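# Structure at a glance
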Amino acid sequence: MNSQVDTEAQIKNDSKETFLSDVLDGLKSFPKHLHSKYFYDKAGDRLFQQIMNMPEYYLTNCELDIFKNKTKKLANSILSSDTSFDLIELGAGDAMKSSYLLKHLVEKGVNFTYMPIDISGHILSELNKKLNNEIPDLEIVSLEGEYFDMLDKATSISTRKKVVLFLGGNIGNMDFEESYHFCRELKRKLNHGDILIVGFDLKKNPHTILNAYNDAAGITSSFNLNLLVRMNRELDADFDVLNYQHYQTYDPISGACKSYLVSLAEQNVHIGNEVFHFQENELIDMEISQKFSQDDISKLAKDSKFHIIDEIHDSKNWFVDSIWQV
Ligand code: AVJ
């Protein structure tokens, strides 16, 4: 076995250890919680694809509207200086939105490398196939792992100017405190002139928001419950999945949209040598999808010491791609 393969096996192993210790820590806490970044195994990827196709889930279409119909405006804001650069996408997924920008830049003959970062290796290999097909001239270096680890790796590979994409409202998976620390850390890893494009889901009619996460078909429910299925398979846990129920909330004042699983009975769950007790109606805090006001965004940029250089909204004004510079 060569050292490259050795290292990859080690990383896979580490990530399984981290998954287990994160789960054990979360279930020992009060309230019990799990991290939504673990939603995305193979089944979770598929469920999220289904969510993006639901009529209630407006986020994807809004940002698609921006990338499809305001491509030039986007491109101009990152091409202000005519140097070559690396275009890094955090949580690239299927790059459905960014591929419009990629195509535009390649057609313009811009000198850049696309570096998608994703925690899902499965998603990255699908993405590579898709992009090789659709944009054969695109230069791609894919990076499988955690955002900041892979950002360090990207910086060690190349010292070019960086343009970082953090789309889809993924920043909403952090509360305000966490997103502030995240942006501060990101800023530390970037250089003067580097650019960050962040997609924020804006506050809007609360019914519209709640419906997007509380769909009639129950796909969001399956998306949450799938993490229990994943723990049963990968961590040898014994959750009785039918004994948990998805519960969604949206607080229009704070903008916090949150999902929980409710234990439908008093029950025990075993994971390794540990036993976890659930009372009837006890909750597991699963995911936050934070919604932002324009002031929230300005404050976040200011606190983490970025300058907002442009804001591109969809035609409904439900979503914004905010363009920040170091
Ligand atoms: C992928 C984090 C943007 O929070 O809107 C969709 C994930 N969760 N439905 C979101 C999700 C439930 C999604 N993000």
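Residue numbering note: each chain is counted from 1, following its sequence as written. A pLDDT threshold of at least 70 governs which residues receive local features in this predicted model, and a stricter bar of 80 or more applies before side-chain atom pairs are shown or counted, although totals over entire chains, interfaces and linings include all residues. Excluding hydrogens and water, the side-chain figures rest on all heavy atoms present in the structure.

Let us now look at the sheet that holds strand β2 (residues 85-90). Between any two strands, at least two bridges found by DSSP are needed for them to pair. Going along the chain from the N terminus, every DSSP run of H or I of four or more residues is numbered as a helix, and every run of E of two or more is numbered as a strand. One open sheet accounts for seven strands, arranged β4-β3-β2-β5-β6-β13-β12; its pairing is mixed. Taken across any chain shown, the strands that pair with only one partner, and hence form the sheet edges, are β4 (143-144) and β12 (307-313). Relative to strand β6 (residues 195-201), strand β5 (residues 161-166) runs parallel, the two being bridged by four bridges. From the neighbouring strand, Leu 165 faces β6, where its bridge partner is Ile 197. Contact criterion: two residues are considered in contact whenever any of their non-hydrogen atoms come within 4.5 Å of each other. Angles run from 0 to 180 degrees between N-to-C directions of axes, and those axes are lines fitted to C-alpha atoms, restricted for helices to the stretch in contact. Seen against the sheet, helix α4 (residues 71-78) touches β2, β5, β6, β12 and β13 (319-325) and runs at an angle of roughly 170° to β12.

Of all hydrophobic cores here, the largest spans 65 residues; its most connected members are Leu 87, Tyr 114, Met 231, Phe 239 and Ile 271. If we ignore the near neighbours within four places in the chain, the residues touching Ile 271 are Leu 20, Val 23, Leu 24, Leu 27, Leu 235, Ala 237, Phe 239 and Phe 276. By convention a nonpolar core is built from buried Ala, Val, Leu, Ile, Met, Phe, Trp, Tyr and Cys residues, the set being connected through side-chain atoms within 4.5 Å. Burial classes follow relative accessibility: with a 1.4 Å probe on protein chains only, a residue under 20% of its type's maximum area counts as buried, one over 50% as exposed, and anything between as partly exposed. One finds Leu 90, Ala 154, Phe 200 and Leu 300 within the second-largest nonpolar core, a separate group that totals 28 residues.

Turning our attention to the packing of helix α3 (residues 59-69) against helix α5 (residues 98-107). Direction vectors running N to C along α3 and α5 enclose 10°, while the axes themselves pass 8 Å from each other. Between α3 and α5, the angle falls in the class roughly parallel. The segment α3 lies against α5, with Leu 64, Phe 67 and Lys 68 engaging Ser 98, Tyr 100 and Leu 101. Charged residues are taken to be Asp, Glu, Lys and Arg, nonpolar residues to be Ala, Val, Leu, Ile, Met, Phe, Trp, Tyr, Cys and Pro, and polar residues to be all remaining types, Gly included. Tallied by class, the residues present in the contact of α3 with α5 amount to four nonpolar, one polar and one charged. If an angle is under 35 degrees, it is roughly parallel; if it is over 145, roughly antiparallel; if it lies from 65 to 115, roughly perpendicular; otherwise it is oblique.

This brings us to the packing of aromatic side chains. When the centres of two rings from Phe, Tyr and Trp lie within 6.5 Å, Trp using its six-membered ring, the rings pair. Their planes under 30 degrees apart give stacked, over 60 give edge-to-face, and anything left gives tilted. Going through the model one piece at a time under the given rule, you end up with 22 aromatic pairs. Ring plane angle 80° and centroid distance 6.3 Å describe the contact between Phe 48 and Tyr 57, whose orientation is recorded as edge-to-face. Consider the rings of Phe 306 and Trp 324, whose centres lie 5.4 Å apart with planes at 45°: the pair is tilted. Taken as a pair, Phe 306 in the loop between α11 (294-303) and β12 and Trp 324 in strand β13 lie far apart in primary sequence, 18 residues in all. Trp 324 matches Phe 306 in its accessibility class, with the two residues each being buried. Charge over a ring is defined by NZ of Lys or CZ of Arg lying within 6 Å of the ring centre and within 35 degrees of the ring normal. Over the ring of Phe 278 we find Lys 32; its NZ or CZ atom is 4.7 Å from the centre of that ring. The ring of Phe 19 carries Arg 230 above its face, with NZ or CZ at 4.7 Å from the centroid.

What follows concerns the site of the ligand. If a single non-hydrogen atom of a residue is within 4 Å of a molecule or strand, that residue counts as near it. Taken together, 14 residues sit near the ligand, with Tyr 57, Gly 168, Tyr 213, Glu 287 and Ser 289 positioned nearest. Pairs of N or O atoms within 3.5 Å make up the polar contacts considered here, provided that, within protein, one atom can donate a hydrogen while the other can accept it, and that residues adjacent in sequence are counted only when both atoms are side-chain atoms. Contact between the ligand and Tyr 57: an oxygen atom at 2.5 Å from a side-chain N or O atom of the residue. Separating a nitrogen atom of the ligand from a side-chain N or O atom of Glu 287 is a distance of 2.8 Å. In isolation the ligand exposes 350 Å². Once the protein is present, 98% of that is buried. Elements that contribute at least two residues to the shell around the ligand include exactly α2 (42-52) and α10 (219-234). Residues of the shell around the ligand, tallied by class, amount to seven nonpolar, six polar and one charged. The protein chains shown are the only cover counted for residues, whose accessible areas, like all others here, come from Shrake-Rupley with a 1.4 Å probe.

Our focus in this paragraph is the confidence of the model for the protein. Low pLDDT marks regions whose predicted coordinates should not be analysed in detail. Note: pLDDT gives the predictor's confidence per residue, expressed from 0 to 100. Of the residues in the protein, 95% have a pLDDT of 70 or more, and the chain-wide mean is 93. A low-confidence stretch, residues 1-5 (pLDDT under 50), is modelled with one contact involving residues beyond four sequence positions or located in other chains. ipTM for the predicted complex: 0.99, alongside a pTM of 0.92.

Our next topic: the sheet that holds strand β1 (residues 32-33). Within the open sheet, the four strands sit side by side as β1-β11-β8-β7. Their pairing is mixed. What marks the edges here is a single partner per strand, and that holds for β1 and β7 (244-251). Alignment of β1 against strand β11 (residues 283-288), held across two bridges, turns out to be parallel. Counted as the bridge partner of Lys 32 is Ile 284 from β11. Of the strands in this sheet, β7 and β8 (256-263) are in contact with helix α9 (residues 206-213), which crosses β7 at around 160°. The sheet contacts of α10 involve β7, β8 and β11, and relative to β7 the element is tilted by about 125°.

Helix-helix packing: each pair is described by the crossing angle between the helix axes and the interaxial distance. Here helix α8 (residues 176-189) crosses α11 at 40°, and the two axes come no closer than 9 Å. Considering their axes alone, α8 and α11 lie oblique with respect to each other. The way α8 lies across α11 gives a crossing that is right-handed. Across the interface between the two elements, Phe 176, Ser 179, Tyr 180, Cys 183 and Arg 184 from α8 touch Asp 296, Leu 300 and Asp 303 from α11. For any pair of crossing helices, the crossing counts as left-handed if the nearer helix is rotated counterclockwise from the farther one by less than a right angle, and right-handed if it is rotated clockwise.

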